[in-house]
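Read off the chains here:
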Amino acid sequence: MKDIIVQKFGGTSVADTDKIKNVAKAVIREKNLGHNVVVVVSAMGHTTDILMKLAGEITSKPSSRELDMLLSTGEGVSIALLAMALQEQGCDAVSMNAMQVGIITEKVHTKARILDIKTDKITKHLEEGKVVVIAGFQGITDDFEITTLGRGGSDTSAVALAGVLKAKRCDIYTDVEGVYTTDPRIVPCASKLAEISYDEMMELASGGANVLHPRAVETAMTHNTPVRVRSTFKLDDIGTLILGVDKMEIHKPVTGVALDRERIRIVVCDVQDNPGTAAILFDGLAKENISVDMIIQSYARKDLNTNDIAFTMEKADLDKAMQVLRNVKLELGYSRVFVDEKIAKISIVGAGMVGRPGIAAKMFRTLANLGINIKMIATSDIKISCLVDIEKADEAVSVLHSVFGLDSDEIADVKGDLPNV
């Protein structure tokens with residue numbers, strides 16, 4: 001069988017019927033290169049936001065099951081219209097939702113993870129010469145409950161399909177030309193990267209980059225599937241290739257600077273300093289599907305047998321987290337909870353940081369020279385993240401980008417929703 005290319009088109013790429021017709025041309029162009037093509041699409045434009053607004057007009061606390069039933073309808077419109085557009089342009093195509101394909105997920109609503117994907121029906125259609133258009137973001141449980149994959153779900157769908165189909169490549173199409181060293185709206189001289197490693201992209205994505213969800217990058221890395229981020233509207237631009245670090249030449253210690261404004265910091269004060277206390281807290285958060293990022297436990301106050309536990313998480317999960325804290329208050333024995341919403345996480349990332357001393361010191365010194373106080377720090381082999389006041393975030397990103405030699409001589413020409421690092 002011919003090589004398979006998986007193409008993914010986001011909401012901005014299929015926002016109206018003219019754009020859907022343009023996407024059909026991009027699909028046919030790839031098929032004419034001699035490839036079998038599987039296409040994954042998101043809901044049109046701001047459809048998901050509109051559906052969420054409708055739910056909010058009915059109830060302030062919609063059940064997660066019914067929310068999945070509602071939100072999963074958006075992609076059904078996109079796949080049918082794109083299949084029609086392809087057929088109209090002389091290309092045989094068939095649309096399929098998650099149930100028809102067999103995209104099996106865990107039994108979790110709104111943030112499900114893919115467990116298995118059936119490939120027999122897809123393969124049959126490809127052997128018949130058809131383009132297969134598949135709904136992203138959707139899944140089903142083994143007892144046929146509809147689920148959704150959460151933020152970045154269509155990217156995860158596309159990369160997972162590319163993995164199980166052993167595709168040659170997964171192309172993520174958007175409305176800019178690739179992955180940038182930082183957000184060009186903050187730093188106009190940000191550079192477009194020709195390539196970036198899975199590890200770097202994973203850290204940048206978890207640091208706030210919008211180009212790919214960390215789960216999509218993780219899936220690509222697991223299957224060793226090359227991923228290319230490219231423009232729907234500039235098909236001759238090859239974009240940015242994401243691949244294994246062993247295939248890259250590393251020239252700089254830092255590849256990019258990421259900014260995440262969607263974090264909040266929670267400090268649980270005067271927690272009892274006993275074995276298992278932290279486990280009680282984070283088990284409770286995990287049961288509510290709340291992902292925790294940076295964690296710091298303060299030095300124990302021996303005279304009071306207490307300490308403070310601070311952590312960061314997504315703003316959207318605040319209400320659920322506060323309910324968890326209320327539920328475990330007696331077990332933790334804390335005195336109060338402090339919530340800081342006016343923070344941002346800044347991260348520098350680079351595979352070249354490994355074995356190079358002084359990178360952290362340079363970052364901290366740069367922030368100090370700007371008069372920026374660091375509230376929390378987290379590190380990995382290839383990432384250093386700092387929590388700072390949100391009003392200082394843009395300035396910090398701009399200066400760090402320059403200090404680590406990432407500025408380009410050219411001004412980035414970008415429009416729309418930026419998939420930046």
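Not measured: the values here are computed from a predicted model.

A. Region of the structure containing the packing of helix H1 (residues 17-32) against helix H4 (residues 73-88). Orientation of H1 relative to H4, taken along the N-to-C sense of each, is 60 degrees, at an axis distance of 9 Å. Comparing their axes, H4 and H1 come out oblique. The element H1 and its partner H4 pack so that their crossing is right-handed. Between H1 and H4, the residues in contact are Ile20, Lys21, Val23, Ala24, Val27 and Ile28 and Leu81, Leu82, Ala85 and Leu86, respectively. Residues belonging to the contact of H1 with H4 are distributed by class as follows: nine nonpolar, no polar and one charged.

B. Structural view of the packing of helix H3 (residues 64-71) against H4. One way to put it is that H3 packs onto H4 with a least axis distance of 4 Å and a crossing angle of 15 degrees. The orientation of H3 with respect to H4, classified from their angle, is roughly parallel. Contact residues: H3 offers Met69, Leu70 and Leu71, while H4 offers Thr73, Gly74 and Glu75. Split by residue class, the contact of H3 with H4 holds three nonpolar, two polar and one charged.

C. Structural detail: helix H8 (residues 198-206). The element H8 is largely enclosed, with a buried count of seven among its nine residues. Among the residues making up H8, those that are buried are Tyr198, Glu200, Met201, Met202, Glu203, Leu204 and Ala205.

D. A look at the packing of aromatic side chains. Using the criterion set out here, one finds two aromatic pairs in the structure. Relative to Tyr173, the ring of Phe9 lies with its centre 4.6 Å away and its plane at 15 degrees, an arrangement referred to as stacked. On the criterion of sequence distance, the pair formed by Phe9 in strand E1 (residues 4-9) and Tyr173 in strand E9 (residues 169-174) is long-range, its members being 164 residues apart. Its relative accessible area of 0% is what places Phe9 among the buried residues. Looking at Tyr173, the relative accessible area reads 3%, which means it is buried. Pairing Phe282 with Phe311 gives two aromatic rings, centres 5.6 Å apart and planes at 75 degrees, and the pair type is edge-to-face. Taken as a pair, Phe282 in helix H10 (residues 277-287) and Phe311 in strand E16 (residues 306-314) lie far apart in primary sequence, 29 residues in all. Between the NZ or CZ atom of Lys329 and the centre of the ring of Tyr334, over which it lies, the distance is 4.4 Å.

Cut-off values and rules
The written sequence of each chain sets the order in which its residues are numbered from 1. Only residues with pLDDT of 70 or above have their local features reported here, since the model is predicted, and side-chain atom pairs are shown and tallied only from 80 upward, although totals for entire chains, interfaces and linings are computed over all residues. Based on all heavy atoms of the structure, the side-chain values leave hydrogens and waters out of the count. A fitted line through C-alpha atoms represents every axis, and for helices the fit uses only the stretch in contact; the resulting angles, taken between N-to-C directions, go from 0 to 180 degrees. Only DSSP runs of H or I reaching four residues or more are called helices, and only runs of E reaching two or more are called strands; each is numbered from the N terminus. An angle below 35 degrees is read as roughly parallel, one above 145 as roughly antiparallel, one from 65 to 115 as roughly perpendicular, and any other as oblique. Should the near helix be turned counterclockwise from the far one by less than a right angle, the crossing is left-handed, whereas a clockwise turn marks it as right-handed. We call two residues in contact when some of their heavy atoms are within 4.5 Å. Residue polarity follows a fixed list, in which Ala, Val, Leu, Ile, Met, Phe, Trp, Tyr, Cys and Pro are nonpolar, Asp, Glu, Lys and Arg are charged, and the others, Gly among them, are polar. The cut-offs for exposure are 20% and 50% of the maximum accessible area for each residue type, with area from a 1.4 Å probe on protein chains only; residues under the lower value are buried, those over the upper are exposed, and the others partly exposed. The pairing test for Phe, Tyr and Trp rings, Trp by its six-membered ring, is centres within 6.5 Å, and the orientation test on the planes gives stacked under 30 degrees, edge-to-face over 60, and tilted for anything in between. In our convention, an over-ring charge means Lys NZ or Arg CZ found within 6 Å of a ring centre and within 35 degrees of that ring's normal.

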